[in-house]
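As a plain string of letters, each chain reads:
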Amino acid sequence: MIATIGFYVFAVILLASATMVVTARNPVHSVLFLILAFFNAAALFLIAGAEFLAMILIIVYVGAVAVLFLFVVMMLDVNFAELREGVQRYAPVGLVVGLILLFELGLVLTGWHFAPSAAEIRMSPTPTALSNTAALGNVLYTRYIFLFQLAGLILLVAMIGAIVLTHRERGTARRQRIGRQNARQPEETLAMLNVALGAGIDEIGILRPLPDPAPVGAESHALPHAAEPH
Amino acid sequence: MADFFLHTIVGLIILTFLKALALIVPLLILVAYLTYAERKVLAAVQLRKGPNVVGWFGLLQPFADALKMIFKETIIPAGANRVLFVLAPMITFGLAILAWAVIPVNDGWGIADINVGILYLFAISSLGVYGIIIAGWASNSKYAFLGALRSAAQMVSYEVSMGFVMVSVLLCVGSLNLNDIVLAQRNIWFFIPLFPMFIVFFVSTLAETNRSPFDLPEGESEIVAGFFVEYSAMAFALFYLGEYANMILMSALTTILFLGGWLGPFGWTWLPGPIWFILKILFCLFVFLWVRATFPRYRYDQLMRLGWKVFLPASLGWLVLTAGVLLATGWVPHVSS
């Protein structure tokens, strides 16, 4: 009985917050409602007995993806008045697209026939003796290992692509090379001098040591005297 | 009576409530005295006396501070987003308390003994960043926002290596249940075979709780107090309590993953399990304070370098090594449940 009540409570909040994601005026509020929606979806997973998926949903989506969303949305300079004007103009188009989608979904769902035994298989996906996580792992890492690896590979390629597209080498940036700093010996940087009374080191022609010649390519734009602080 | 508590819905609710109370009250007292301990330890390291006026040896100082905070005025800045501004400290503190639902203080003593306990803890600790981001944004202040941005980047970065460390522990256990994780350490505590990961994990918890030397989100010398500049009175106190509760939580997590939870060293049982557990937590907390008194604050690019270029490859490499050793020696734990 508690599970049923819980299901309806979480489902109602989920739908309400999903609506708020679209209708909220402030984009930051939208993202926060999205997070609330994720939470309620996780709760629904829990009620369905899929505790591993529920936790992964929170860790991946709420803990990482939504943080970045929030990050980006907060940095944006959004003009709310302009945004609202756009909503009024494009609302009819959006409505038409939505109605077409709804109609198509309706067609698919009404035309769908379930095999008689399909429902039973769906209702008990996990073997009774095994915990949820172990059962998932048994399937994912045996029968579907190649698909799993492929998904990982696609994500890796997407990540590298994003880095390549956005990474821009600015020659003026000064970087700390910790290995070189640690490897440096006192003899390379310190010189003991007997300076004549009243003469500065400038006058006897000793300047601070120049940086190593920059490696070809990476730092070719570096200014000659913009040395790392020694 | 026992029948009422164990077999009726109302009884179960009351029982869970009482259990939660039995955990939260000592936890809050520990939080209060952790602030006192921090001041005393810092004072001892710096050859000062620390709080010694209110009560014997200053023991009533935390309560004096709490009373002071309660009687201060709550100020909400004019440009702030009121709802989120008030919500942020509640989220921070609430999450720090929420995570304790699954911590087993003794064999089977967790309030909720769930199969994915470690994932639950990881999820809750990764949510902690929201309190900070929301606070920084809702304050409508540049210092607060800078602090929030720093904190978001920092916590997301260090979570990755923390996750890999947890996975290498889980490989040795074969279960996500916190109880099983502790019981798997009956023969040897994991900090001995996984020592490098223990260090990585502990340093990552320092970063995750925004403690010094990684307290850049607060960085009082650069951005005043970071994400909670605009907060006053009880809201400010909630952030503070949340930070200390998080420290205790992370110490408990380190204890469970690496220091054998409630198990005594050398198989000793002359102290009950919860006492061992608390002693280990106190040890971890002392190291937290010791680190604060010893190390200067990291520069921001060094912090990011440490997280992404040192800890991430190290924990990933060690994960592969652990898996390889387990497979080669045939020590892969049997997944039963």
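The structure this text deals with has already been given above.
First, a word on what this report is: a plain description of the structure on this page. For every chain, the first residue of its written sequence is number 1, and the numbers climb from 1 along that sequence. The lettering of chains begins at A and the numbering of ligands begins at 1, in the order of writing. Per-residue local features are limited, in this predicted model, to residues with pLDDT of at least 70; the limit for side-chain atom pairs, both in listing and counting, is 80 or more; totals at the level of whole chains, interfaces and linings are taken over all residues. Each side-chain value is worked out from all heavy atoms of the structure, with water and hydrogens disregarded.

**Some points on the packing of aromatic side chains**
The way to describe two aromatic rings as a pair is by their centre distance and the angle between their planes.
All names here are of chain B.
So, point 1. Pairing of aromatic side chains requires ring centres within 6.5 Å, counting the rings of Phe and Tyr and the six-membered ring of Trp. Pairs whose planes differ by under 30 degrees are stacked, by over 60 edge-to-face, and all others tilted. Within this structure, the stated rule accounts for 22 aromatic pairs over all chains.
So, point 2. On the basis of an interplanar angle of 75 degrees and a centroid distance of 5.3 Å, the ring pair of Phe-202 and Phe-288 is categorised as edge-to-face. Here Phe-288 lies in helix α11 (residues 273-294) and Phe-202 lies in helix α8 (residues 195-208), a separation of 86 residues in the sequence.
So, point 3. Relative accessible area serves as the criterion here: at 11%, Phe-202 is assigned to the buried category.
So, point 4. Ring pairs connect the aromatic residues Phe-85, Phe-228, Tyr-231, Phe-236, Phe-239, Tyr-240 and Tyr-244, which therefore count as one cluster.
So, point 5. Criterion for a charge above a ring: Arg CZ or Lys NZ at most 6 Å from the ring centre, at most 35 degrees from the ring normal. Positioned above the aromatic ring of Trp-189, the side-chain terminus of Lys-280 is 3.9 Å from the ring centre. A run of H or I in DSSP counts as a helix once it spans at least four residues, and a run of E counts as a strand once it spans at least two, with each numbered from the N terminus. Buried means the residue's accessible area, taken with a 1.4 Å probe over protein chains only, is under 20% of the maximum for its type, while exposed means over 50%, and partly exposed covers the values in between.

**Observations concerning the state of the cysteines**
Residue and element names in this part refer to chain B.
So, point 1. Defined by distance alone, a disulfide is two cysteine sulfur atoms within 2.5 Å. Applying the stated criterion across every chain yields a total of zero disulfides over all chains.
So, point 2. Residue Cys-172 stays outside any disulfide, its sulfur separated by 19 Å from that of Cys-284, the closest cysteine.
So, point 3. You can call Cys-284 buried: its relative accessible area is 2%.

**Examining the interface of chain A and chain B**
So, point 1. For this analysis, residues touch if any pair of their heavy atoms sits within 4.5 Å. Between chain A and chain B, the residue contacts involve 28 residues of the former and 30 residues of the latter.
So, point 2. Take the accessible area each of two parts loses on contact, using a 1.4 Å probe, and add the two losses: that sum is the buried area. Together chain A and chain B conceal approximately 2,400 Å² of surface at their shared face, both sides included; 78% is due to carbon and sulfur atoms.
So, point 3. If you sort the residues of chain A by the area they bury against chain B, Met-55, Ile-59 and Met-74 of chain A come out on top, with a joint share of 23%.
So, point 4. In the sections that follow, a salt bridge refers to a side-chain nitrogen of Lys or Arg positioned within 4 Å of a carboxyl oxygen of Asp or Glu. Along the contact surface separating chain A from chain B lie zero salt bridges.
So, point 5. Secondary structure elements with two or more residues in the side of chain A that touches chain B: α2 (27-47), α3 (51-75) and α6 (132-140) of chain A.
So, point 6. A per-element tally of the side of chain A that touches chain B places α3 of chain A first, with 13 residues.

**Let's talk about the pattern of salt bridges**
Residues and elements named next belong to chain B.
So, point 1. Per the counting criterion, the structure on display carries five salt bridges over all chains.
So, point 2. For the salt bridge of Glu-38 with Arg-211, the shortest nitrogen-to-oxygen distance reads 2.6 Å. Here the residue Glu-38 occupies a position in helix α2 (residues 9-45), and Arg-211 occupies one in the loop between α8 and α9 (220-223), the gap between them amounting to 173 residues.
So, point 3. For Arg-211, a relative accessible area of 3% corresponds to the buried category.
So, point 4. With a shortest N-O distance of 3.1 Å, Asp-65 and Arg-39 are connected by a salt bridge. One end of the pair, Asp-65, is in helix α3 (residues 61-71); the other, Arg-39, is in helix α2, with 26 residues separating them in the sequence.
So, point 5. For Asp-65, a relative accessible area of 27% translates into the label partly exposed.
So, point 6. Given the relative accessible area of 37%, Arg-39 is considered partly exposed.

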